[in-house]
Number of protein chains: 4
Amino acid sequence: MIAVLKRETTEKQLKDLIDWLESMNLKVHLSKGDYTTIVGLVGDTTNIDRELLESLDIVEGVKTISEPFKKANRKFHPKDSIVEVGATDGANSVKVGGGHFAVMAGPCSVENPEQIEEVAAGVKAAGASILRGGAFKPRTSPYDFQGLKDEGIQLLEHAKKMTGLPIVTEIMNPNHLPMFEHVDLIQVGARNMQNFELLKELGKIDKPILLKRGLASTLKEWLMSAEYIMAGGNENIILCERGIRTFETYTRNTLDLSAIPMLKELTHLPVIVDPSHATGMARLVKPMALAAVAAGADGLMIEVHNNPSKALCDGAQSLTPDQFAHVMKGVNGIREVME
Amino acid sequence: MIAVLKRETTEKQLKDLIDWLESMNLKVHLSKGDYTTIVGLVGDTTNIDRELLESLDIVEGVKTISEPFKKANRKFHPKDSIVEVGATDGANSVKVGGGHFAVMAGPCSVENPEQIEEVAAGVKAAGASILRGGAFKPRTSPYDFQGLKDEGIQLLEHAKKMTGLPIVTEIMNPNHLPMFEHVDLIQVGARNMQNFELLKELGKIDKPILLKRGLASTLKEWLMSAEYIMAGGNENIILCERGIRTFETYTRNTLDLSAIPMLKELTHLPVIVDPSHATGMARLVKPMALAAVAAGADGLMIEVHNNPSKALCDGAQSLTPDQFAHVMKGVNGIREVME
Amino acid sequence: MIAVLKRETTEKQLKDLIDWLESMNLKVHLSKGDYTTIVGLVGDTTNIDRELLESLDIVEGVKTISEPFKKANRKFHPKDSIVEVGATDGANSVKVGGGHFAVMAGPCSVENPEQIEEVAAGVKAAGASILRGGAFKPRTSPYDFQGLKDEGIQLLEHAKKMTGLPIVTEIMNPNHLPMFEHVDLIQVGARNMQNFELLKELGKIDKPILLKRGLASTLKEWLMSAEYIMAGGNENIILCERGIRTFETYTRNTLDLSAIPMLKELTHLPVIVDPSHATGMARLVKPMALAAVAAGADGLMIEVHNNPSKALCDGAQSLTPDQFAHVMKGVNGIREVME
Amino acid sequence: MIAVLKRETTEKQLKDLIDWLESMNLKVHLSKGDYTTIVGLVGDTTNIDRELLESLDIVEGVKTISEPFKKANRKFHPKDSIVEVGATDGANSVKVGGGHFAVMAGPCSVENPEQIEEVAAGVKAAGASILRGGAFKPRTSPYDFQGLKDEGIQLLEHAKKMTGLPIVTEIMNPNHLPMFEHVDLIQVGARNMQNFELLKELGKIDKPILLKRGLASTLKEWLMSAEYIMAGGNENIILCERGIRTFETYTRNTLDLSAIPMLKELTHLPVIVDPSHATGMARLVKPMALAAVAAGADGLMIEVHNNPSKALCDGAQSLTPDQFAHVMKGVNGIREVME
């Protein structure tokens, strides 16, 4: 970490600053120029509050040299991490990352046995390797449907037994963990990306975690949230880009695909993309899924429903199994040429 | 709620849509024009998923007429709500809203008995009516100081006894509620604004809640989070604007003061402003505090620390008690002329 | 256009509103419900100031049914537009849109004859079909290099003669148009996307225009800027997505690839993507170029320089001709599988 | 300027970098640590392309010490600038900045002689010291009213003669400058803030310029645009904050009032605020005008119209003269207590 001091800093102020920094067991490296003085800090700078340092009257600016994330940092783990999902409870084992590509598909909400069975069979046939489905639903309004909860999880487990597909579903409360015993991949949603109490609890288990990017989170904050889980001992994390909040209103969010190659540089964790939530429109899912694959994603998460009777819903965020099969064909085409 | 249909909608599609809407107990009101057909919905439209409706192939767009928040809505509660803080446990009662103005001040983190006692005495002398202090700290990094936790709360309770000031501190986990028994006002931080599981639990108690705006939350989403708490039965909510995330980097966040008069129109809940977190710089706290008062805020939340020895920290986010007293003078001046 | 009136609207106010609207030659269509009154407007609503209508005391909200852009609107021109670049002055004719894919490549700034000749030859060999190069440079700072201006254009013309590649370069001032006589495609940069005086002048000529998206422009505003040029009579417009401003700081801007399929729905104009400016990092150019192609782009604009001696610059925004050839290989692979 | 090098930088790469930097007449100051090497640059770093340096493979990051703006920088001009408007052509002289506060008021568009005369008289009576009115109107749509142009300017000049109020109106094209001969303060709108060709022309004249902030411009970019004008020789600039683009949709833009104290630190130029455009709602103009004054603004720009017959428009962005007089009373109250 480097602090650049203001020109008008007095010797007394400089000495006070150095004393304070050294009191935190840091080696201080001074470099005085005609116009400015640079204070380099060597040692464990994680104890320093960067914002505090930055806000000192005599400090012009602070530059962090090393990234604040360690366990998630590719510098210290150059090889791609491979996260293994399933392989217990009768589910097939699915690898994500390090060249392994996985598609997670299923309904936004688990609704009833017929629905989840039919969708599970459909997405499996089309080539999905993990079944997704919402049981606990974070809704902006308290008056909206909040999910089938534990009943929804049981329906997913049933579909797993039927198809052999491992299952992924969202957790919203650490107290619910016992219900997730047979869930193969636990999802942390965008709104809970900085629910640190939840992240800490997930750091104590050994199940893989799917960590979605917060709606207005920087890549650094996202990786720091992964670090929360990893610091607790659980290093099985898959990152999922799902669109960020911008001023554009035609699409629900703005899918940030440049996050994929950028993350590949910064971290060894696998990165997948959810084009369904990002765009909010089924007809944009295919082009954005193909683009995600071309940008280097390790997988996709796609909403698929089955409503043969509700023909009205064709335009919604979810694809029908047939439309999903069509997307998978395109995805496989791009995947082949990428290799 | 109104849905505007596309020109190419067939009679069959229109009938299907109406059947579906009527199956949800809504009265459908049709208005056919040369170029478009408008479907007006009368009844309890809260059961309708607006996004689903919007995404139907035949729907050009949807316009919600009534706001989705009800208990927080000024339309149904034209009078300003007044939230009462304290008045038990030996704390003085403090009113916020409806013409009652309150300043909450204290350190970012509670550190030790001397610190909190000294700051509490200082802010009380300068005119603060509620003592703030962080015990559980949401930090971006797992390696940063996470607060003194229950010990911090006990130190706050001690300072309350000493000064008679009611206390406010942040909760991050519903499981911690028993520790908050003697806390007078429970704060929900920006990162937890959409931690719906936490909000639901807070809806079951009768203590007042200070709900901070999420970093990238719209006013509507914020009010819906208040609605989560209110829907559970707890209507004692104070909203706190603390800056939103934008592209500007000079200030930490962008303080959205137009939110104050806008919220005054939309809701009956009191609105206060935290200029310390929004700007991240002590020297911007005074002008933004005065501006907040001039814009109609019902109170302020300001960070004050006591570090006579760490003269280096003058520029930080926190004010010294003396600087805070100076801000209070300015605030009182504006308050007088506002009346 | 539909206006939803507030419940408390009086008969007198309603009559005044209708009179005013009818005075603008609009047919008013009234639909009264129990809770609300809807005013539908039929006729040429372009004369109505939507914001004014929206801000009336009695108006709850306004919903525009038809898009405000007409000549750019796919609804009225279902077939893809094909823009033809070059084909005079000895340049080869290049088509963009409607299945025709074109890559524009070259240096950020034209610097000297050797540079532009070498780069032009290099990008042609690698498969680029249009040569780009900056002569007039919009720089944030008045103290930064502003481009070679007319001399730069002459160097581009020389490179065109040498290679047969049509040339594209940016215009910043309508008064400079005479210098652009031999430029085949005139670029309007992001900062000038709403320089309406410039757009109007470009509407009077018949050369194709490359219109870059403004840094914080919505798709609608962008299409309205295209409409400015088209309203003047020049319908040869290529849109270029080049990243939008968000809160993320790792990448220079956030490349909005979902804009491609969204624009394909809204307009018949060709859409290309500039991954160099969007990301600001050469090493992100390839993944984002491939992703753009997979998302359906009609072309790419890529920065290529030649600095064999300045090996230091490898990491910059620009690719070397060799790196560019490598990107082209990947692009062609994706293009093949897309067909 | 400081560049922090990556750990893996070789001696050869370091030497190449130093040679390159020294070839640009910079003194290089090296500081090697165990983990990193810091390169400090002394001399005129304005020739260095910061982005290029930042993007080199061996560079971890770059930190600029001095601000890139010079003439606008308070460091080099500690005293507040006072800009004088009018005082020729029979207009009263009005000072802005350095303790001088000015209110500019008038209609969005100049429409006809009666309108401008009546509004001018009204705003003068209420205490405005400068008359504003749009003659050239930048509109998102080419089909919207583009202003009365030169006729509008003549009507403003007529109102100036009548009232003695200096006039301010927007310029969109440097070719129009001859029409602005009798305009006392020339406005550059948000959309043209980075129309560098226009800024350069305005640098050659000696009339004061009102420079509005771009919709998505950082404070630094805004000050660099001021620098464009000042670099040309014209240092009479007033900055005008008018709201920035964010994700919030209730208000048209988000008024960034923290920009006022922040700018006061960075620059000596006067700063005024336009609450009418920022919020787009007349009923938010008063609270935001008062807040701007409390935050330290040197003036206000407020839209006032006269439409006694169009009672419908009460809720629009513009105030009536009576409402404006009411705002002025509040403003004067805050101003008194601020002194």
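Residues numbered from 1 in each chain as written. Chains lettered and ligands numbered in written order. Predicted model: local features only at pLDDT ≥ 70, side-chain atom pairs only at ≥ 80, totals over all residues. Heavy atoms only, no water.

Description of the interface of chain D and chain B
With 39 residues of chain D in contact, the opposing surface of chain B contributes 39 residues. Carbon and sulfur atoms make up 73% of the area that chain D and chain B hide from each other, which totals about 3000 Å². Looking at the side of chain D facing chain B, the largest losses of area belong to D:Phe247, D:Tyr250 and D:Ser258, adding up to 23% of the total buried there. In this structure, the connection of chain D to chain B is made through four salt bridges. One salt bridge in this structure joins B:Glu265 and D:Arg283, with 2.5 Å as the shortest N-O distance. Our count for the chain D to chain B interface comes out at six residue pairs in polar contact (both at pLDDT 80 or more). (Contact = heavy atoms within 4.5 Å. Buried area = accessible area lost by both parts, 1.4 Å probe. Salt bridge = Lys/Arg side-chain N within 4 Å of Asp/Glu carboxyl O. Polar contact = N/O pair within 3.5 Å; in protein donor to acceptor, adjacent residues only side chain to side chain.)

A short note on the interface of chain C and chain D
With 52 residues of chain C at the contact, the number on the chain D side is 52 residues. The tally of links from chain C across to chain D stands at two salt bridges. The partner of D:Glu221 in a salt bridge is C:Arg245, with the nearest N and O atoms 2.6 Å apart. For the side of chain C that touches chain D, the secondary-structure elements that each account for two or more residues are α1 (11–22), α2 (50–55), α5 (196–202) and α6 (219–231) of chain C. Sorting elements by how many residues they give to the side of chain C that touches chain D places α6(C) first, with five residues. Considered class by class, the residues forming the side of chain C that touches chain D number 18 nonpolar, 17 polar and 17 charged. (Helix = DSSP H or I, 4+ residues; strand = E, 2+ residues; numbered from the N terminus. Nonpolar A, V, L, I, M, F, W, Y, C, P; charged D, E, K, R; others polar.)

Examining the packing of helix α6 (residues 219–231) of chain A against helix α7 (residues 259–266) of chain A
Residues and elements named next belong to chain A. Relative to each other, α6 and α7 sit at 50°, their axes nearing to 11 Å. Taken together, the axis directions place α6 and α7 in an arrangement best described as oblique. Once α6 is placed against α7, the crossing between them reads as right-handed. Taking contact as the criterion, the partners of Leu 219, Trp 222 and Leu 223 in α6 are, on α7, Ala 259, Met 262, Leu 263 and Leu 266. (Axes fitted to C-alpha atoms, helices over the stretch in contact; angles between N-to-C directions. Parallel < 35°, antiparallel > 145°, perpendicular 65-115°, else oblique. Left-handed = near helix turned anticlockwise from the far one by under 90°.)

Section: the nonpolar core
By size, the foremost hydrophobic cluster in this structure holds 316 residues, and its most contacted members are A:Phe324, B:Phe324, C:Phe324 and D:Phe324. Every residue in contact with B:Phe324, bar those within four places of it in the chain, is listed here: B:Val103, B:Ala105, B:Val123, B:Ala126, B:Ala128, B:Ile302, B:Val304 and B:Leu319. (Core = buried A, V, L, I, M, F, W, Y, C linked by side-chain atoms within 4.5 Å. Buried < 20%, exposed > 50% of the residue type's maximum accessible area, 1.4 Å probe, protein only.)

A closer look at the relation of the copies chain C and chain D
Both copies of the chain are placed relative to one another by a rotation about an axis and a shift along it. Of the transformation superimposing chain C on chain D, the axial component is 0.0 Å and the angular component is 180°, with the fit at an RMSD of 0.0 Å. Such a combination of rotation and displacement between the chain copies is what one expects of a two-fold axis. Among all C-alpha atoms of chain C, that of C:Ala216 lies closest to the rotation axis, at 3.0 Å. Here 100% of the interface residues in chain C have copies in chain D that are interface residues too; the copies meet face to matching face. (Least-squares fit on C-alpha atoms with pLDDT ≥ 70 in both.)

Quick word on the pattern of salt bridges
Scanning the entire structure with this criterion turns up 59 salt bridges over all chains. Between D:Glu241 and D:Arg213 there is a salt bridge, and its shortest N-O distance comes to 2.8 Å. You can see D:Glu241 sitting in strand β12 (residues 237–241) and its partner D:Arg213 sitting in the loop between β11 (209–212) and α6 (219–231), a full 28 residues away along the chain. What makes D:Glu241 buried here is its relative accessible area of 0%. Residue classification places D:Arg213 among the buried residues on the basis of a relative accessible area of 0%. One network of salt bridges, in which partners are shared, links A:Arg213, A:Glu241, A:Asp256 and C:Glu248.

Quick notes on the packing of aromatic side chains
Residues and elements named next belong to chain B. In the structure shown here, the tally under the stated rule is eight aromatic pairs over all chains. Geometrically, the ring pair formed by Phe 136 and Phe 180 is stacked, given 6.1 Å between the ring centres and 20° between the ring planes. One end of the pair, Phe 136, is in the loop between β8 (130–132) and α4 (150–163); the other, Phe 180, is in the loop between β9 (167–171) and β10 (185–188), and 44 residues separate them in sequence. Residue Phe 136 shares its accessibility class with Phe 180, and that shared class is buried. (Phe/Tyr/Trp six-rings, centres within 6.5 Å; stacked < 30°, edge-to-face > 60°.)

A word on empty space enclosed by the protein
Within the structure shown, the criterion is met by five cavities of 30 Å³ or more. In this structure, the largest cavity spans a volume of roughly 190 Å³. As for the largest cavity, its lining consists of 16 residues, of which A:Arg245, A:Thr246, B:Arg245, B:Thr246 and C:Thr246 are closest to the centre. Here the lining of the largest cavity is composed, by residue class, of eight nonpolar, four polar and four charged. If you go around the second largest cavity, the residues you meet are A:Met172, A:Asn173, A:Pro174, A:Asn195, A:Glu197, A:Leu198, B:Met172, B:Asn173, B:Pro174, B:Asn195, B:Glu197 and B:Leu198. (1 Å grid on protein atoms, 1.4 Å probe; cavity = no way out; pocket = protein on both sides within 12 Å on 5 of 7 lines; lining within 4 Å. Points joined across faces, edges and corners; volume = space filled by probe spheres on them.)

Describing the relation of the copies chain D and chain B
Least-squares fitting of chain D to chain B yields an RMSD of 0.1 Å, with the superposition described by an axial translation of 0.0 Å and a rotation of 180°. The overlap is high: 100% of the interface residues of chain D also sit at the interface in chain B, so the same surface is used on both sides.

A short note on the sheet that holds strand β3 (residues 37–42) of chain A
Residues and elements named next belong to chain A. The sheet built from four strands is open, its strands ordered β2-β3-β1-β4 with antiparallel pairing. Bordering the open sheet on either side are β2 (27–32) and β4 (59–63), each of which pairs with just one other strand. Going from strand to strand, the sheet's axes swing by 20° on average, the running direction of each strand aside. Where helix α1 (residues 11–22) meets the sheet, its contacts fall on β1 (2–5), β2 and β3, and the angle it forms with β2 comes to roughly 155°. (Pairing = 2+ DSSP bridges.)

Brief notes about the packing of helix α3 (residues 113–126) of chain C against helix α4 (residues 150–163) of chain C
Residue and element names in this part refer to chain C. One way to put it is that α3 packs onto α4 with a least axis distance of 9 Å and a crossing angle of 40°. Taken together, α3 and α4 sit at an angle that is classed as oblique. The hand of the α3/α4 crossing is right-handed. In this structure, α3 uses Pro 113, Ile 116, Glu 117, Ala 120, Ala 121 and Lys 124 to contact α4, whose residues at the interface are Leu 155, Leu 156, His 158, Ala 159, Met 162 and Thr 163. Grouping the constituent residues of the contact of α3 with α4 by class yields eight nonpolar, two polar and two charged.

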